[in-house]
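The chain contents come next:
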Amino acid sequence: MKVCVFGTGYVGLVQGAVLADAGHMVTCIDIDQEKIKKLNLGEISIFEPGLDSIVRSNLAEKRIAFTTDATLGMEGAEVIFIAVGTPMDEDGSADLSHVLHVARTIGAFIHKPVVVVNKSTVPVGTADKVHQTISEQLKLRNMALAFDIVSNPEFLKEGAAVADCQRPDRIVIGTSSQRAEKILRELYEPFNRNHDKIIVMDVKSAELTKYAANCMLATRISFMNEMANLAEAVGADIESVRQGIGSDQRIGYHFIYAGAGYGGSCFPKDVSALVRTAEQIGYEPMILNAVQARNSAQKKIMFEKICAHFDNALAGKTVALWGLAFKPNTDDMREAPSRVLMEALWEAGAKVQAYDPAAMEETQRIYGQQPMLQLCGTKEAALHHADILVIMTEWRQFKAPDFEVIKQSLKQAVVFDGRNLFDPVRMQEKGIQYFGIGRPQAKQLQGQISAPSLHATTASECLPVNPTQAADKNSLQQVTQTLANV
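Residues numbered from 1 in each chain as written. Predicted model: local features only at pLDDT ≥ 70, side-chain atom pairs only at ≥ 80, totals over all residues. Heavy atoms only, no water.

(A) Geometry of the overall build of the protein chain. Helix and strand counts for the protein chain stand at 20 helices and 14 strands. Considering only C-alpha atoms, the protein chain reaches an extent of 90 × 65 × 50 Å along its principal axes. A burial count over the protein chain gives 50% of its 486 residues as buried. Working note: accessible area of the protein chain is about 23,700 Å², and carbon and sulfur atoms make up 52% of it. With 49 positive and 56 negative side-chain charges, the protein chain shows a spacing of 2 Å between the two charge centroids. (Helix = DSSP H or I, 4+ residues; strand = E, 2+ residues; numbered from the N terminus. Buried < 20%, exposed > 50% of the residue type's maximum accessible area, 1.4 Å probe, protein only. Areas by Shrake-Rupley, 256 points an atom, 1.4 Å probe, with all protein chains shown as cover. Lys, Arg positive; Asp, Glu negative; His and termini not counted. Charge placed at Lys NZ, Arg CZ, Asp CG, Glu CD.)

Quick look at the structure:
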C-alpha cells in the first residue's frame, strides 16, 4: 500500500520505517529541511536501537522516502498518518496546533478518498476536530471527497520502539467505518499473522485507551514510589515488598520498581493532559492528581538524601552522576529526573561530573556551557575526585561496575542509587555506604535475616548428601525439594 506519514519523530519515523520494512511504500513528511536532508542520507537524529539499519536498508530498496513537500508526499497515498508532536501546553493540556496544521494541509491537497489516521497521542474528541478541519479546507476548494478519520494510538516504548512496532501486543483501531477498518486491516496484515491482535472500537474509546494505558503505568510507578518511601520510614525493604506483591498474578512484576520518579515525553504529558480533559468537563481526577504530586515530589528525593548526608553543606562538593536520560536505551532527556537533581545541586553550589551512554549530546544541547557541569567520556572518568556517586538511569553498563575503582576514585565511598541496582548488604561488605530508594541500611537488613546466606553457609549447615543417597531416587527428590525450599 502507498502510505504517507506526517512527522519524523519517535512515532512517525519508527512507524514509517517498520511499514516500509514490511513491504509498503512510505513517504515521510517533515517541515525541518535539515532533518529531511539527513534522513535521505540515512542519518538518524534520534537514538533508538535498530532504527538506523531499517531506515538505511529501506532507503536502498526505495521503499521509504523523506520530503518537505506535502503534495509530493501525499500523492497517491491510500493512508495518511498524523504522527506529529502534541506537547504540553501552558495549562497542562495537549497542544493540538501541529495536528490541526497537518489536517489543514491534508484538506488543502488531497484529490481522492483517503483514510486519515491519528497516530499522535491526542485528547478525546480530536478526531472530530481533525474531520472538521479537513472538511472546511475541502469546502474552500469546492470539493466533495469521502475520507475517514481513524484513531490508531501507538503503544511504543522508547528504547524498544522498533520491536514494539514490529511485534505489537495489540493494534487498536478506532472507527465506525467498515471501509476504513478493511484498509487498516490490510495495512497491518504483516503484523497480525500469529493471532488476531486488532481491537476495533469507536473513535473516542480508542483516543481514551492511549491515555488510560499511560496513566495506569504512571500510577503503578507512583504507587510503588509511595510504598518505597513508607518502607524506608518503617524499616522495611521495598525490594522484598516488590517480590511479594509481584508474585500475585493479579498484579505482576511490570512497572512496580521504585525509583527517583518517571520522566520522558509520554507519562508526564499524558497524565497532565488527561487531568486537564477531566477538569474541562467538571470532573475531579483525584488519583491522577495524586500521581502527579507523588512524581513531582519523588524527583526531589535524591537531592534531599544528598543534602541530609552532607548536613545541607553542598557548596564546593562534586557529584559523580551516572545516567542522564530518563530511561536506558534512549537519549531522551525530556522531564528526566536527572535534570531536577542537577539543577538543584547547581543551585546549592555543587558541581556535577556526568556520564551517559547515549544522552551526552542532548545534555550539551540543553545546558550549553554550564560551568557547574562536566560531561565525561566514561563512567570511570566521572568518578575522579568526586565526593559521591549518584545513579539516576538503570543502564546495563552500570549494573556490574568495578566497586574497587569506585572506592578508590571517590573522596567518600558513598553511592546514592536512584534505581536500586545494588544490594545494600553486599555494598556494605564492599566497604561502600549505600543509599537506595525504600531500602533500609545494611545493618537493618542483616538484623532481619534469619536464614544463613549462601556465602556464609558452613559445612555443618549443608545437607548431607552421600553417593548412596544420590543413587536413591526418592532421597534425591527429597534433597532437591529441600534445596528448592531453601
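There is more to say after this.
(B) Here's a closer look at the sheet that holds strand β12 (residues 388–391). Ordered by their spatial adjacency, 6 strands build an open sheet running β11-β10-β9-β12-β13-β14, and the pairing between neighbours is parallel. This sheet does not close on itself; its edge strands, each paired only once, are β11 (373–375) and β14 (433–435). Within this sheet the neighbouring strands show an average axis-to-axis angle of 20°, counted without direction. Those strands touched by helix α15 (residues 360–367) are β10 (351–355) and β11, and its axis lies near 155° from that of β11. (Pairing = 2+ DSSP bridges. Axes fitted to C-alpha atoms, helices over the stretch in contact; angles between N-to-C directions. Contact = heavy atoms within 4.5 Å.)

(C) Representation of unusual backbone geometry within the structure. Even without being glycine, N142 reaches a positive phi, approximately 55°. Following the sequence through the fold, N142 ends up in the loop between α6 (126–140) and β6 (147–151). By relative accessible area, which is 73% here, N142 ends up exposed. Despite not being glycine, D311 shows a phi value in the positive range, around 55°.

(D) Layout of empty space enclosed by the protein. The tally for this structure, following the rule as stated, stands at 1 cavity of 30 Å³ or more. Estimates place the volume of the largest cavity at around 50 Å³. Element by element, the count of residues in the lining of the largest cavity is highest for helix α9 (residues 203–234), at 3 residues. A breakdown of the residues in the lining of the largest cavity according to their chemical character gives 3 nonpolar, 4 polar and 2 charged. (1 Å grid on protein atoms, 1.4 Å probe; cavity = no way out; pocket = protein on both sides within 12 Å on 5 of 7 lines; lining within 4 Å. Points joined across faces, edges and corners; volume = space filled by probe spheres on them. Nonpolar A, V, L, I, M, F, W, Y, C, P; charged D, E, K, R; others polar.)

(E) Expanded view of the pattern of salt bridges. This structure, assessed with the given rule, holds 21 salt bridges. Among the ionic pairs, R276 bridges to E279, the shortest N-O distance being 3.8 Å. Residue R276 and its partner E279 are located together in helix α11 (residues 267–280), separated by 3 residues, close to a single helical turn. When its relative accessible area of 41% is taken as the criterion, E279 is described as partly exposed. (Salt bridge = Lys/Arg side-chain N within 4 Å of Asp/Glu carboxyl O.)

(F) Local environment of the environment of I238. Turning to its location among the elements, I238 is positioned in helix α10 (residues 238–246). Here the alpha-carbon distance between I238 and I251, two residues 13 residues apart in the chain, equals 15 Å. Contact partners of I238, with chain neighbours within four places excluded, come to M224, M227, A228, A231, A258, N420, I437, G438 and R439.

(G) Quick peek at the nonpolar core. Counting residues in hydrophobic clusters, the biggest one holds 58 residues, and the most contacted among them are I306, L321, L341, L345, L389, V390 and I406. Those residues in contact with L345 that lie beyond four places of it in its chain are F303, I306, L314, V319, A350 and V352. Counting 41 residues, the second largest nonpolar core, distinct from the first, contains Y10, V18, L59 and V117. (Core = buried A, V, L, I, M, F, W, Y, C linked by side-chain atoms within 4.5 Å.)

(H) Spatial organisation of the packing of aromatic side chains. The final tally for this structure, using the stated rule, is 9 aromatic pairs. Each residue in the set F255, Y262 and F267 is aromatic and connected to the rest through ring pairs, giving one cluster. Taking NZ or CZ as reference, R170 lies 3.7 Å from the ring centre of F155, over its face. (Phe/Tyr/Trp six-rings, centres within 6.5 Å; stacked < 30°, edge-to-face > 60°. Lys NZ or Arg CZ within 6 Å of the ring centre and 35° of its normal.)

(I) How the structure looks around α11. With 14 residues, α11 should cover 20 Å at 1.5 Å per step; its first-to-last C-alpha distance of 20 Å lies within 8% of that length. Counted residue by residue, α11 has 11 buried out of 14 residues, so it is predominantly covered. Among the residues of α11, F267, P268, K269, D270, V271, S272, A273, L274, V275, T277 and A278 are the ones counted as buried. In this fold, the buried residues of α11 make contact with α9 and α12 (286–298). Backbone geometry just after α11 places G282 at a positive phi near 80°. (Expected span 1.5 Å × (residues − 1).)

(J) Up close: the side chain of R294. Summarising the element assignment, R294 is placed in helix α12. Owing to a relative accessible area of 18%, R294 belongs among the buried residues under this scheme. Sequence-distant contacts of R294, defined by excluding residues within four places in its chain, comprise S222, E226 and N229.

(K) How the structure looks around the state of the cysteines. A full pass over the atoms with the stated rule returns 0 disulfides. Here C28 is not cross-linked by a disulfide; its sulfur's nearest cysteine counterpart is in C4, at 8.0 Å. Note on C28: relative accessible area 0%, which makes it buried. For C266, which is in no disulfide, the shortest distance to another cysteine sulfur is to C215 and amounts to 11 Å. (Disulfide = S-S within 2.5 Å.)

(L) Molecular detail of the packing of helix α5 (residues 97–109) against α6. Running from N to C, α5 and α6 cross one another at 35°; their axes reach a closest spacing of 7 Å. Crossing geometry of α5 relative to α6 is assigned as right-handed. Packed against α5, whose contacting residues are V99, L100, A103, R104, I106, G107 and A108, the element α6 presents T126, K129, V130, T133, I134, Q137 and L138 at the interface. Among the residues forming the contact of α5 with α6, the class breakdown is 8 nonpolar, 4 polar and 2 charged. (Left-handed = near helix turned anticlockwise from the far one by under 90°.)

(M) A look at the environment of F47. Here F47 is to be found in the loop between α2 (33–40) and α3 (51–60). Given a relative accessible area of 33%, F47 falls into the partly exposed group. Taking C-alpha positions, F47 is 12 Å from M333, a pair spaced 286 residues apart along the chain. When sequence neighbours within four positions are dropped, the list of residues in contact with F47 reads Y10, N329, T330, D331, A358 and W395.

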